[in-house]
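# Residue-level structure breakdown
Spelled out from the first residue to the last, the chains are:
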Amino acid sequence: MDDDIEVILQDRRAGLPQQHLDNPTFTACTGALLLGIYRLWTVFALPGFRKVPVKLKVPYLPSSKKQTQNVMKVLRGRRGCLADLGSGDGRLVFAASSAGLRCTGFEINSILTASARTRAWWRGLPACSVSFVSRDFWKTDLSDFNNVTVFLAPGVMDVLGEKLLRELQDEARVVACRFPFPGWPCSTSEGQGLDQVWAYDMRVVRDHLLQAPTLLPKAQTQ
């Protein structure tokens, strides 16, 4: 992070007039701004980043209102339990709960988890319908959930796909936001661009991947 701040400073200095660079007030304000950015990063991103392997780290990025609406469209008519992997501030969990799903948000950043729990308490939502856990979903068995939503980086989708194939039942539906699962056939999709979401029914995914066994996790091919 320190190296990133130094790069930012160099870029800003290269594009500013010399009189600005020599102004003590300007220098102090710039330093305060960068310090504030760094503190926000340490509060909302760093706590979670420390808990997972490097290759599985994903920065916090909240879903847009349109993206959340698209998720709810592909979950329409679904019942049962939903797991939101990397639930952040809980906005998707709250939306799914209002549609009658029993929701659990997994979020390793304790600050975001506490914020989401406070919002749930403020809305008067019972723990039986909405819960937020400060737990690493990579180390959690998800077999009890028949609905799963994810908004993660494309670099982890292959690894996550293997985990979901091992653990989810055929009746489960998985919804991916912005970044689809490579090689998985989607049952339906909503939106476009940054707000696009893809819905995958696990039975359809397994039937498709059985046509190419090399794409299945080892546990599925034995």
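Residues numbered from 1 in each chain as written. Predicted model: local features only at pLDDT ≥ 70, side-chain atom pairs only at ≥ 80, totals over all residues. Heavy atoms only, no water.

The next thing to look at is the overall build of the protein. The number of helices and strands found in the protein is 10 helices and 7 strands. Here the protein holds 222 residues, and 41% of them are scored as buried. A separation of at least 24 residues holds for 63% of the contacts in the protein among residues at least 6 apart in sequence. (Helix = DSSP H or I, 4+ residues; strand = E, 2+ residues; numbered from the N terminus. Buried < 20%, exposed > 50% of the residue type's maximum accessible area, 1.4 Å probe, protein only. Contact = heavy atoms within 4.5 Å.)

The next subject is the sheet that holds strand β5 (residues 173–177). Sheet architecture is open: 7 strands sit in the order β3-β2-β1-β4-β5-β7-β6, paired in mixed fashion. This sheet does not close on itself; its edge strands, each paired only once, are β3 (130–133) and β6 (188–190). Direction aside, neighbouring strands of the sheet carry axes that sit 15 degrees apart on average. Alignment of strand β2 (residues 102–106) against β3, held across 4 bridges, turns out to be parallel. Bridged to C103 within β3 is V130. (Pairing = 2+ DSSP bridges. Axes fitted to C-alpha atoms, helices over the stretch in contact; angles between N-to-C directions.)

Structurally, R79 can be placed in the loop between α5 (65–74) and β1 (81–85). Measuring from C-alpha to C-alpha, the distance between R79 and G100 comes to 7.1 Å, with 21 residues separating the pair along the chain.

Okay, the nonpolar core next. L85, V150, L160, F181 and W184 are the most contacted members of the largest nonpolar core, which has 27 residues in total. The dominant element in this core, judged by the number of residues it contributes, is helix α8 (residues 157–167), at 4 residues. Excluding residues within four positions of it along the chain, F181 makes contact with V150, M157, L160, G161, L164, V174, A176 and Y200. If you look at the next biggest cluster of nonpolar residues, it comprises 21 residues, including L82, A95, A120 and V197. (Core = buried A, V, L, I, M, F, W, Y, C linked by side-chain atoms within 4.5 Å.)

As a further point, take the packing of aromatic side chains. In this description, a pair of aromatic rings is defined by centroid distance and the angle of the planes. Taken as a whole and judged by the stated rule, the model has 7 aromatic pairs. On the basis of an interplanar angle of 65 degrees and a centroid distance of 5.5 Å, the ring pair of F94 and F132 is categorised as edge-to-face. Linking F94 in helix α6 (residues 91–98) with F132 in strand β3, this pair joins segments that are 38 residues apart in sequence. The burial state of F94 is the same as that of F132; both residues are buried. Pairing F181 with Y200 gives two aromatic rings, centres 5.4 Å apart and planes at 85 degrees, and the pair type is edge-to-face. (Phe/Tyr/Trp six-rings, centres within 6.5 Å; stacked < 30°, edge-to-face > 60°.)

Turning next to the confidence of the model for the protein. In the predicted model, the protein carries a mean pLDDT of 81, and the fraction of residues at 70 or more is 68%. Considering only residues more than four positions removed or in separate chains, one finds that residues 1–13, a stretch of pLDDT under 50, has 9 contacts. (pLDDT = per-residue confidence, 0-100.)

Of note in this structure, R178 is not a glycine but carries a positive phi near 70 degrees. With respect to the helices, strands and loops of the structure, R178 is situated in the loop between β5 and β6.

The next subject is the packing of α5 against α6. Where α5 contacts α6, the two axes come as close as 10 Å, and the packing angle between them is 35 degrees. Considering only the axes of α5 and α6, their crossing is right-handed. When α5 is examined against α6, the residues T68, V71 and M72 are found in contact with a partner set consisting of R91, L92, A95 and A96. Residue composition of the contact of α5 with α6, by class: 5 nonpolar, 1 polar and 1 charged. (Left-handed = near helix turned anticlockwise from the far one by under 90°. Nonpolar A, V, L, I, M, F, W, Y, C, P; charged D, E, K, R; others polar.)

We now examine α6. Of all 8 residues that make up α6, 6 are buried, and the element is covered over most of its length. For α6, the complete set of buried residues consists of L92, V93, F94, A95, A96 and S97. If you follow the buried residues of α6, they end up packed against α5, β1, β2, α7 (110–122), β3 and β4 (147–150). Just past α6, the residue G100 takes up positive phi, approximately 100 degrees.

So, on to the pattern of salt bridges. Applying the stated rule across the entire model yields 6 salt bridges. The residue D89 makes a salt bridge to R91 at a minimum N-O spacing of 2.6 Å. Assessed through its relative accessible area of 33%, R91 is described here as partly exposed. Of the charged contacts, one joins D170 and R206 as a salt bridge, the two residues approaching to 2.7 Å between their closest N and O atoms. Residue D170 is located in the loop between α8 and β5, and its partner R206 is located in helix α9 (residues 202–209); the two are separated by 36 residues in the primary sequence. (Salt bridge = Lys/Arg side-chain N within 4 Å of Asp/Glu carboxyl O.)

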